[in-house]
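What the coordinates show
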Amino acid sequence: MTKERIFKDLFSAVVSLDEEKGVRAANELIKEKLDPLEGIEKGLSEGMKVIGEKFDKLEVFLPELLMAADVFNSTMEVLGPEILIRGKKVEKKGTVVIGTVKGDIHEIGKDIVAMLLETAGFAVHNLGKDISVSTFLEQAKQLKADIIAMSSLLTTTMLAQKELIDILKAEKKRDKYTIMIGGAPTSQAWADEIGADGYGKTAKDAVSLALKLVSQKREEERDG
Amino acid sequence: MVSFEEVINRTLTGPYCSEKDYNLKVFVPKLRKVVKKYQIKYDPENPIPSDDDLADRVFKAGVELYANVGTYCVDTGRIIQFTKEEIQEALATAPSAPVFGEGKDAKPLVTRKPESDTPPWCFLGACGAGVSNEEIFISIIQGYGKIPFVDSITTPSLTTFNGIPIHAGSPSEILACIRTAILAREGLRRVGKPGLPIMNSIATAVSDAGKIAGSQFGLRPSDGWLIGAMAEMKVNLERLNEIAYVLSLGGHVVAETAPILGGYCGGPEGVAVTNVAYHIQSILVYRGSCQDTFPIHIKSSCNTGRGVLWAISISNQAITLNSHFPLLNISIIASGPMTEMEFYETAAHVITSIVSGGSIESCGGAKNVCIDHFTPMMPRWASEIAYAVVGMERADVNEIVKQIIRKYENNLSNPPKGKKYQDCFNIKTSEPNREYIALYRKAKKELGDYGLKFKY
């Protein structure tokens, strides 16, 4: 099987939500001694991009988005060990700790963001819902997170986003993490008011923002 | 009907399933199967269909869906299942005309039918939108109490009390919930409506403790104790705790539901069928005295777009033609106060709901998420529209709604946020300013020209 054919199969496995096809194409890639990283980039990630765009236009719905992510992850389970055998590693774009703040049990939007961040190349630790500020901070420290992403759907819970930032400022650790916020009552104005680094209006915006903020952070680190 | 004790039992003994599997392997495939089996097809050209057979099929699909998926308890991982016989029994014995309120403000919430001239129930207010302080809170409540067609009110959520920001799950939430009940009751007393029911219980409450504590300071069993379902077809133990408390008081649960277009329901067809399944869940699990629903769009976070309106219309027709359990529809509009768009959005939602057989809960604006961005103007407008269209035919209002939708649908992704309450109303008198009155009169004239017959 040609390289292009295998990459195309990886791509179409994600778009057509065909887990078996994805796993088969991944095994074929290994058999043909092709570069798994190239397969991820040109096959799986491209497929996720297309599904993400379709979801953005509601040409497909949330179940398709989640099923595509399952195909992506199942295929990665085949390609992951091969990447290690070849002495390579999947360069993660960054580590994200994400959750819905304390008192708030809404998590569909947050889960979409977590899933899209993961397939965009981030190591994502989805803490779930009703997460206390201290849990966010402990997990971020333990996992050496680049980004803390907090979601809130209620006007009475969004204050937790400010609370976390205030603690970081008080402990002089604000620069340690990039803070992203989202959720229906939040806005760019709220992000500016509380001193967050960014606000994502949609899941797609959140991913673009995370990529931009992490890239800026890397540049700043390089420039010393 | 299956007892509440048995429902609790089933949260511990029903089939175990992970939440992800419930979403993707139970709910989604079963929903898609019934949508296909009953040949339910969305028609974007006709937001208000006039097809009783389609409505009946949507109802049958919803009953079959609920018999197959039940309600998932997220805390125990169990599916609370019911047989078709138990569902039929629940539909046959559900409340039909619960009486809300006290004294001369008491009134039965009666079930309506599509095209019916039965007066609608007007549940008016903020739908829990956030308000910045207590002064504005009480001023807005007085404004709601003064609306001529008001049957019950829905209060805002306080975000501060005594100037202190409220943190959910903390003692400040408990204290703010208590303040909410006291102020709401006082606001209604000031306008001579002491018996008017508050039908969204304690909007400020996030926790069960907040709701129960706050209620001790002014809520009555004859009020509406709004308890929300979790999307899709889920419940948790906190909500069941609230239900246990309200049932023991002899109070009315207002079962709030919100199927999401673009989420696990998929498109408008899935939303319509799921709304019917929620209707049954509202009776059996939430033990409601009525269903209060707001199908909502996953992207625009409002329910005035074409696809959601179709789902609201056909599911209202399906439910009200086949069930006597009362149904209310919550409007979530994208635009904010003192914009032309809010008048159009509210009109489209209310006309759709009323002529399709439901009653209304009219809310504020700006998707209910911007602090102070709501006023008594939209609830008043909604109630006037509701009374203006009772008895009209679906085919006629379909044409009117199509004209109205065209005026705003391209702006739903970027709606005007509008002004704050204090910038378009007088806080002391709870009356709108001249500019706002001029906008209202203009909209009323335009809708009158479309064929609506306002009562005053």
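These figures come from a predicted structure and were not determined experimentally. (Residues numbered from 1 in each chain as written. Chains lettered and ligands numbered in written order. Predicted model: local features only at pLDDT ≥ 70, side-chain atom pairs only at ≥ 80, totals over all residues. Heavy atoms only, no water.)

Residues and elements named next belong to chain B. Neither face of strand β5 (residues 122–125) is open: one carries Cys 122 and Leu 124, the other Phe 123 and Gly 125, and all of them are buried. In this sheet, strand β18 (residues 359–362) lies alongside β5 in parallel orientation, the contact comprising 3 bridges. Bridging from a neighbouring strand, Cys 122 pairs with Ile 360 of β18. The pairing of β5 with strand β7 (residues 152–154) spans 3 bridges and is classified as parallel. Each residue of the ladder has a partner; that of Gly 125, found in β7, is Thr 154. (Buried < 20%, exposed > 50% of the residue type's maximum accessible area, 1.4 Å probe, protein only. Helix = DSSP H or I, 4+ residues; strand = E, 2+ residues; numbered from the N terminus. Pairing = 2+ DSSP bridges.)

Right, let's talk about the environment of Lys 217 of chain A for a bit. All names here are of chain A. Structurally, the position occupied by Lys 217 is in helix α9 (residues 203–222). Expressed as a C-alpha distance, the spacing of Lys 217 and Phe 72, which sit 145 residues apart in the sequence, is 28 Å. In this view, Lys 217 contacts Asp 146, Lys 176 and Thr 178; residues no more than four positions away in its chain are not counted. (Contact = heavy atoms within 4.5 Å.)

All names here are of chain A. We note that the domain assignment places domain 1 (3–85) and domain 2 (94–222) within chain A. Each of domain 1 and domain 2 has a C-alpha centre, and the two are 27 Å apart. Of the roughly 720 Å² buried between domain 1 and domain 2, counting both surfaces, carbon and sulfur atoms make up 79%. Along the contact surface separating domain 1 from domain 2 lie 1 salt bridge. (Domains from an automatic or database assignment. Buried area = accessible area lost by both parts, 1.4 Å probe. Salt bridge = Lys/Arg side-chain N within 4 Å of Asp/Glu carboxyl O.)

Once that is clear, we can look at the interface of chain B and chain A. Contact residues are listed per partner, giving 32 residues for chain B and 24 residues for chain A. Summed over both partners, the interface of chain B with chain A comes to about 2200 Å²; 66% of that surface belongs to carbon and sulfur atoms. Taken together, the connections running from chain B to chain A amount to 3 salt bridges. Note that Asp 70 of chain A is salt-bridged to Lys 20 of chain B, the shortest N-O span being 2.8 Å.

All right, on to the sheet that holds strand β1 (residues 71–73) of chain B then. Residues and elements named next belong to chain B. Pairing is mixed across the open sheet formed by 3 strands, whose spatial order is β2-β1-β12. Only two strands of the sheet have a single partner each, and these edge strands are β2 (78–80) and β12 (234–235). As paired strands, β1 and β2 are joined by 3 bridges and run antiparallel to one another. Considered in β2, the bridge of Tyr 72 is made with Ile 79.

Residues and elements named next belong to chain A. Look at α9: 29 Å from first C-alpha to last across 20 residues, which is about the 28 Å you get at 1.5 Å a residue. Taken as a whole, α9 has its buried residues at Ala 203, Ala 206, Val 207, Leu 209, Ala 210, Leu 213, Val 214 and Lys 217. Down the axis of α9, the buried set is contained in an arc of 165°. They therefore lie on one face. Its buried side turned inward, α9 meets α5 (108–119), β2 (122–131), β3 (147–151), β4 (178–182) and β5 (198–199). (Expected span 1.5 Å × (residues − 1). Arc of directions from axis to C-beta.)

Residue and element names in this part refer to chain A. Its 24 residues place the ends of helix α4 (residues 62–85) 35 Å apart at the C-alpha level, agreeing with the 34 Å of an ideal helix rising 1.5 Å per residue. By the largest-angle criterion, Glu 77 marks the main kink of α4, which is about 35°, and a proline, Pro 81, follows within four residues. Gly 87 lies just past α4 and shows a positive phi near 70°. (Bend = angle between axes of the 7 residues up to and from the residue.)

Further remarks concern the pattern of salt bridges. Residues and elements named next belong to chain B. Enumeration according to the criterion identifies 44 salt bridges over all chains in this entry. Its salt-bridge partner being Glu 134, residue Arg 179 comes within 2.4 Å of it at the nearest N-O pair. One end of the pair, Arg 179, is in helix α6 (residues 171–190); the other, Glu 134, is in helix α5 (residues 134–145), and 45 residues separate them in sequence. The exposure class of Glu 134 is buried, given its relative accessible area of 17%.

What follows covers the packing of aromatic side chains. Residue and element names in this part refer to chain B. Throughout the structure, instances matching the rule amount to 13 aromatic pairs over all chains. Aromatic side chains Tyr 66 and Phe 82 sit 5.9 Å apart centroid to centroid with 20° between the ring planes, which places their arrangement in the stacked category. Of this pair, Tyr 66 sits in helix α3 (residues 52–69) while Phe 82 sits in the loop between β2 and α4 (84–93), and the two are 16 residues apart along the sequence. A single burial state applies to Tyr 66 and to Phe 82, both of which are buried. Ring geometry for Phe 425 versus Tyr 436: centroids 6.0 Å apart, planes at 85°, classification edge-to-face. Taken as a pair, Phe 425 in strand β19 (residues 425–426) and Tyr 436 in helix α15 (residues 434–449) lie far apart in primary sequence, 11 residues in all. (Phe/Tyr/Trp six-rings, centres within 6.5 Å; stacked < 30°, edge-to-face > 60°.)

Turning next to unusual backbone geometry. The step from Ala 231 of chain B to Glu 232 of chain B runs through a cis peptide bond, and the omega angle for that step is -15°. Relative to the helices and strands, Glu 232 of chain B resides in the loop between β11 (224–228) and β12. The backbone phi angle of Leu 17 of chain A is positive, close to 60°, even though this residue is not glycine. Looking at the secondary structure, you find Leu 17 of chain A in the loop between α1 (3–15) and α2 (19–31). Phi at Leu 58 of chain A takes a positive value of approximately 55°, unusual for a residue other than glycine. Inspection of the secondary structure assignment puts Leu 58 of chain A in the loop between α3 (36–56) and α4.

Turning our attention to the sheet that holds β3 of chain A. Backbone-to-backbone hydrogen bonds join strands into a sheet, with any given pair of strands oriented parallel or antiparallel. Residue and element names in this part refer to chain A. Reading across from one edge, β2-β1-β3-β4-β5 is the order of the 5 strands in this open sheet, with parallel pairing throughout. The open sheet is flanked by β2 and β5, the only strands paired with a single partner. By the bridge criterion, 5 bridges tie β3 to β4 in an arrangement that is parallel. Bridged to Ile 148 within β4 is Ile 179. Contacting β1 (94–101), β2 and β3, α5 runs over the sheet at an angle of about 170° to β2. Running over the sheet, α9 touches β1, β2, β3, β4 and β5 and is turned about 170° from β4. (Axes fitted to C-alpha atoms, helices over the stretch in contact; angles between N-to-C directions.)

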